[in-house]
Structure formats: C-alpha cells, structure tokens
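Results of the structural survey
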Amino acid sequence: MTETALLLFWPALAGYTEAAVAYAGDTVRPGRLVRYAIWGVRLGWLAQTALLVAQAASADGFPWGTWAGSLNLFVWMCVGVYLIWGCRAPFRLLGLVVMPLAAVLLVLAWAAGGVGEPAGSQFGDVFLAFHVGLILAAFAAFTLAAALASLYLWQERRLKRRTPGVLRLRSPSLETLDQLTGRTIAVALPALTVGAGIGLARLESEGAAFDAIMGLTLLTWGVYAAFLVLRWEAGWRGRRTAYLALAGFLLVVLVRVVLTPFVHF
Amino acid sequence: MPLVLVGTSYQRAPVELRELLAYDPDLRRDALGRLSTDGAEAAVLSTCNRTEVYGVNPEPRELEERIYGELAGLSGLSHSELAPALYTVTDEAAAVHLFRVAAGLDSMVPGEAQILGQVRDAYEAAREKKTAGPTLHRLFRQALRVGKRVRTETAIGENPASVSSAAAELAERVFENLEGRRILLLGAGKTADLTAANLISRGVGEIVVANRSPERAAALARRFGGRAVGLDAVEAELASTDVVVASTSSQGFVLSAPQVARAMKERRGRPIFFIDIAVPRDVDPAVIELEGCYLYDIDDLERVVAESVAGRREEAVRAEAIVSEEADAFRAWQLSLDVVPAISSLRARAESIRREELERAEGRLASLSPSQRRAVEALTSQIVAKLLHQPTVRMKEAAAGADGVLYADAVRHLFGLGDDADPARKPRQ
C-alpha cells in the first residue's frame, strides 16, 4: 500500500505545484500558461483521487480518521470544489490562492503520514464519516470563500488605486466575488453545524471532555454565522464581509493545521 | 495569375482624401463591374481608414492602370494628384498585406474588431457580383481565417482601446454586467455622449440626465430614452444609481464627498462607479476614500487605455507569426497552381487509357458476372491511382520549391500531354 500511495502522491503533488507555478506565471504574461495550470489541477486531482481510492480499498474502516489523513482528504475536497467552477476563465485567478495552499497542505499530510497506510481509529466508521466528512467539506468551502474574498480585496484595491493595468488580467467583477463568497459560506455553514453537532452529541453520550478545538470550532461557527446575519440583516457587503470571511478562515487554519494534531486526535 | 493591390490608408492619406476615395455599397458594385470587364478578378475593401482594390489579371501593369483610373474617376483627382497617396503591392506581398489588415495589425488601434467584418463585406460583394475567381476566393477566405485565428489565439483584441469602452469595461469589473443598471449622466459633453452610448449598448436599464439647462437635459434624455432631472436632484438620485458619468462645464465640484457619503448610507453597501470626464473635475476626489465608491477621471481612463494599447502591441508580435504562417500556406497554394493543369491532364490521360483497354477487352470480359466486373473496374482504378500517387506528390513538392513548371513540362513531354497550361505563367524565381 505504501508504495502505491507514494506512486500516486508524487504525481498529485507535481500537478498541484505545476499549477501553482503556472498560475503565478500567468499573471506576468496573461493567457499563455493558464492551459498548463488547468491541466496540472486536473491531473493532480485525478492522481489524488486514485490515492484516496487506494487508501479506502486497503483500509478496514474509515481511512482518514487521523489528523494527517483528514488533511489529505481536506486538500482533495478543496481542489475538487475549485475544479467545479474555479477553472472557468474569470475565476482562474483563484488558482493563485488555492493551488499553492493545496500543494503545501498535501506535503504536510505526507510528512505526517497521511498519504500512506491508513491508521485505525477508536471511533466508529459511520460517526467518523459524517463528523469528519461534513466538517472537512465545510472547511474546504470556507477555504474557497477565503480565496474569493482575497481575490475581492485584491481586485478592489486595484480599482481603488486606479492601477493602469487593471483590465489586463481577467477576473470576476466585485459584485460576483462578493455574492459567491456569501453563497459559499451560506452552503458551508449548515454542513459545519451538522458535523459539529454530531461531534457534540457523541461527546455528551460518552461523557468525554470538551477540548480547545471544539471551542475554536464553535467560535468559527459564530464568525461565519455573524457573516451571514450581518450580510442579510445589516446589509454588509464588499470589503467588510471579505475581511470577516478571512477572519473566519484564520480560525479554520488554527483549528485544522495548528491545533488539531496536538489536541483532538 | 498575378495578384495586384492598389490602395490607400490613414498612413498615406489624410481624411479629406480618404473621404473622396470611399465607396458606398452601390458605388462598389459598379466599380467591381468596371474592373472585371475582361474577366479579371476584383474586390474592393472600403472603410473609413482605407480603400483598397484587389485584382487578378494576366497583365498586372494593365490592371494597375485600370485601378488607378477607377480611383481617379471616383475621387475626381488626376493620376498625378492621387499617386503620392496610393501604394501598389503585388503577389505574395499583397496577400500578406490583406492578412495583416484582417488581423487588425494595420489598423490605427492594433487588433480592432470591425475590420474583420469589413473584409468579409468586401468578399461578399465580390462574390455577389461574381468578380471573385479562384485566387480571390482563396485569398479572402484565408484572410478571414487569419483574422479569426489572431483573435482567438492571441489577446490582441481583448482590452479596450478608447476612453468610452475603458469606462464601460471598468464598470463591468465592479458590476457583473450592466443589464438593468441605472446610469446618471451629469452634463452633456462629447466623450460623455460616447460613454453613455457604450454603456447603453451593454444593456443598461435606465438613464437619468441632469444638466444645468433643463432643455438640454430633456433633449439628451429623449435621445437616450431616459428622463431628465435638475442638478439639485442629483444627491437624491445617487441612492438608486449604479454608474455616474460626469461631464459638466462647472468650475467647482458638482458632487462633494459628504453628499456621496450620505447617499451611500441609503445604498446598504451597494457599490457605485463614477466616471468623471469633466475638466475641471465634477466629482470630489475624496469620494474614492468612501467604501464602495470607485472613481476614474479622464487621466485615469487615458492611462488605462494606454496600458491596454501597449498590451495589444505586445500581442501583435504573436499575431505577426500567425500571419507569416498563413502567408507561407498561401504561397504554397499559389505555387501548386503551376502543376495543377499538368496533374489533371496526366490523370485524365491515365483514365482514358484504362477505359480504352477495358473496352478492348470487352469480348473476353463478357462472361464475367456483375460483381466480377465491378472487381475488375476497382482493380484497374486502384492500379492507376497507385501509379499516379507518387508523381502527383512529387510534382506538388517541386511546385513548393519553385520547380513546378519544369516538372510539369517534363510530365507533358514524357506522357505526350497537350499544352493546356496558362500561357501567362512563367517559372517562378
């Protein structure tokens, strides 16, 4: 299994890295490298899909119950969500944020043993599949929302500063970026609610202790809930909501990358 | 047959002369009739920036004189008055010129889009009038292909090349599209007029015109199908406006930052885009500091256009490579024409021999069943095709290397073919 996994890990990493470099190059000479970037994303994602399938086939239970394993799954979800519409012409610049992040997190998952033989878990498969699956899906969507918010702030800054080359790079309008950030968070928040709810229910039934990750996850939930409420009720738009989406994402990074390996697993 | 182009463009002739040399569709039809009296091929490309007459005739000098006469007749100027403004280009250079024109590489603004449609119009007019023969058919079809390739394979036409289109594209970077948006026009300058027209062409929903003079505001509103308001109502209008185009002749700001700030409170975060093309400016520059407000003055817009045109020039280098590739293809096609008659004669001769031999063997083949006869037909056809395949390929290759006529003559001599070649054709150097 380890050999097969490594055989699939390197093409996946190569695809994501190539895509990240090509997206960066495309900002210098628009339109030339983007084709290679898109193929890098596609081939990398296919290789990672094969890697996950191989892990699932060789595992006894839920294969991504560890922190590193779940990070591997998280990267796959992020790139998958990006692939759905991120590769379309106006959204290609999102690749500048998503692909380097995907490459770095995949290396982290590999270094922590998340791409090799799946480790067993003390928790039941169904619980893990729903709890981990839903929370990771929500976090992947929040990551994408953060990429959209970053693109919004970058584009807004260029328009405010009246950069002469503002039209040379194709990017979505501010209005589209703002709406998509809002919609992505509106879809992701229920997934986080259910995923975290399942975890809390389990916690209560087993009488286990409440840890810092759980607290931070609830805080993350609060930030995104505030995002939606302020948007719908107070009419917040644009820069303010973009900063709020990024603040939420900082908490996601704190939960997912910094604290989870030490506290939750 | 030689291809001749005689014409003029903005690079050679001032607008006063170009006006005299412009063809409308009726004039063009008549001109095509006169130019093709002896069976010559002819096409006329006429735009505001150029008039070019393309012709194909065995006697290029005679055709050139005829085109000069045609243009002199149209403009009412003498040959010597016209000559300094006209250029004459022949054969491959004429083809390359048309390809560059279709690609927008010879335009005032590199990559401008209208020229491709104008080349298509010239071709359609020649087709309708039946003055486009094999050479012009091939030339114009290939020119249209060059134009499409350049626009799809390079970014030469992607960025705006005028202040009005830059303003509209910038507005589309704030709002996804302008359909159903509300525009407020302050004042009525020429550039504002063009900008408003550009925005309207992108589907804006409602136009409100505000002017110091209510009569002028009403007249402009009627023209754009909008409504007129006084300048005192501008602040109230801002609450529901998406794009403001300002171009009054006022000496002070028409819109101050506090006025806009008050309006923004009512907009619940919805952005607003200001295009200030007035000098002195109409919109307080401090407006840019307000959240959700985007402001471009005439200098900003001109900088965006300059950057955009510079980008087009960079892309023009890639476009030239496409033109050169297509010019090679056109040259190869022209050269292959040298051997086409010889290849056709050779094939006809081989086919007639095959038929004669089959007829001679009719007595011996009479007992064959229909399927056996078909097999014999197919077999003999295949033998002829296989025998002629290699010589045909070699002759076309030789034509591309400029030895086509020599090979064609050798084939005619060896196989005893009639001399049906174009007498005007000479070996190419």
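What counts as what
- Residues numbered from 1 in each chain as written.
- Chains lettered and ligands numbered in written order.
- Predicted model: local features only at pLDDT ≥ 70, side-chain atom pairs only at ≥ 80, totals over all residues.
- Heavy atoms only, no water.
- Helix = DSSP H or I, 4+ residues; strand = E, 2+ residues; numbered from the N terminus.
- Contact = heavy atoms within 4.5 Å.
- Areas by Shrake-Rupley, 256 points an atom, 1.4 Å probe, with all protein chains shown as cover.
- Buried < 20%, exposed > 50% of the residue type's maximum accessible area, 1.4 Å probe, protein only.
- Buried area = accessible area lost by both parts, 1.4 Å probe.
- Salt bridge = Lys/Arg side-chain N within 4 Å of Asp/Glu carboxyl O.
- Nonpolar A, V, L, I, M, F, W, Y, C, P; charged D, E, K, R; others polar.
- Pairing = 2+ DSSP bridges.
- Axes fitted to C-alpha atoms, helices over the stretch in contact; angles between N-to-C directions.
- pLDDT = per-residue confidence, 0-100.

Along its length, chain A carries eight helices and zero strands. Counted from the first residue to the last, chain A has its helices and strands arranged as α-α-α-α-α-α-α-α. Summarising the internal contacts of chain A: among those between residues at least 6 apart in sequence, 80% fall at separations of at least 24. Working note: accessible area of chain A is about 11500 Å², and carbon and sulfur atoms make up 67% of it.

Looking only at helices and strands, chain B features 17 helices and ten strands. Taken over 429 residues, chain B has a buried fraction of 48%. Long-range contacts, defined here as pairs at least 24 residues apart, represent 72% of the contacts in chain B between residues at least 6 apart. If you sum the accessible surface of chain B, you get close to 20300 Å²; carbon and sulfur atoms cover 53% of it.

This next bit is on the interface of chain A and chain B. Contact with chain A, which involves 29 residues of that partner, is made by 31 residues of chain B. Buried surface at the junction of chain A and chain B, summed over both partners, amounts to about 2600 Å²; 46% is from carbon and sulfur atoms. The three residues of chain A that bury the most area against chain B are Arg162, Leu167 and Arg168 of chain A, which together make up 31% of that side's buried surface. Seen at the junction of chain A and chain B, the total is three salt bridges. For Arg162 of chain A, the salt bridge identified is with Asp300 of chain B, shortest N-O distance 3.3 Å. For the side of chain A that touches chain B, the elements supplying multiple residues, two or more each, are helix H5 (125-161), helix H6 (174-206), helix H7 (212-233) and helix H8 (239-263) of chain A. The element that contributes the greatest number of residues to the side of chain A that touches chain B is H5 of chain A, accounting for six residues. In terms of residue class, the side of chain A that touches chain B is made up of nine nonpolar, seven polar and 13 charged.

This part is about the sheet that holds strand S3 (residues 50-56) of chain B. Across a sheet, strands are paired by hydrogen bonds formed along the backbone, either parallel or antiparallel in direction. Residues and elements named next belong to chain B. Strands sit in the order S2-S3-S1-S4 across an open sheet of four strands; the sheet is antiparallel. Two strands in the sheet have a free side with no partner beyond their single neighbour: strand S2 (41-46) and strand S4 (87-90). Direction aside, neighbouring strands of the sheet carry axes that sit 15 degrees apart on average. As defined by bridge partners, S2 adjoins S3 across six bridges and the pair is classed as antiparallel. Each residue of the ladder has a partner; that of Glu41, found in S3, is Val56. Of the strands in this sheet, strand S1 (3-9), S3 and S4 touch helix H3 (residues 60-75), which is tilted by about 30 degrees from S1. The strands touched by helix H6 (residues 114-128) within the sheet are S2 and S3, with S2 carrying the most contacts at an inclination of about 145 degrees.

All names here are of chain B. Residues with a pLDDT of 70 or more make up 96% of chain B, whose mean pLDDT is 87. Note on residues 421-429: pLDDT is under 50 here. Beyond four places in sequence and across chains, it has 13 contacts. Scoring of the predicted complex yields 0.68 for pTM and 0.76 for ipTM.

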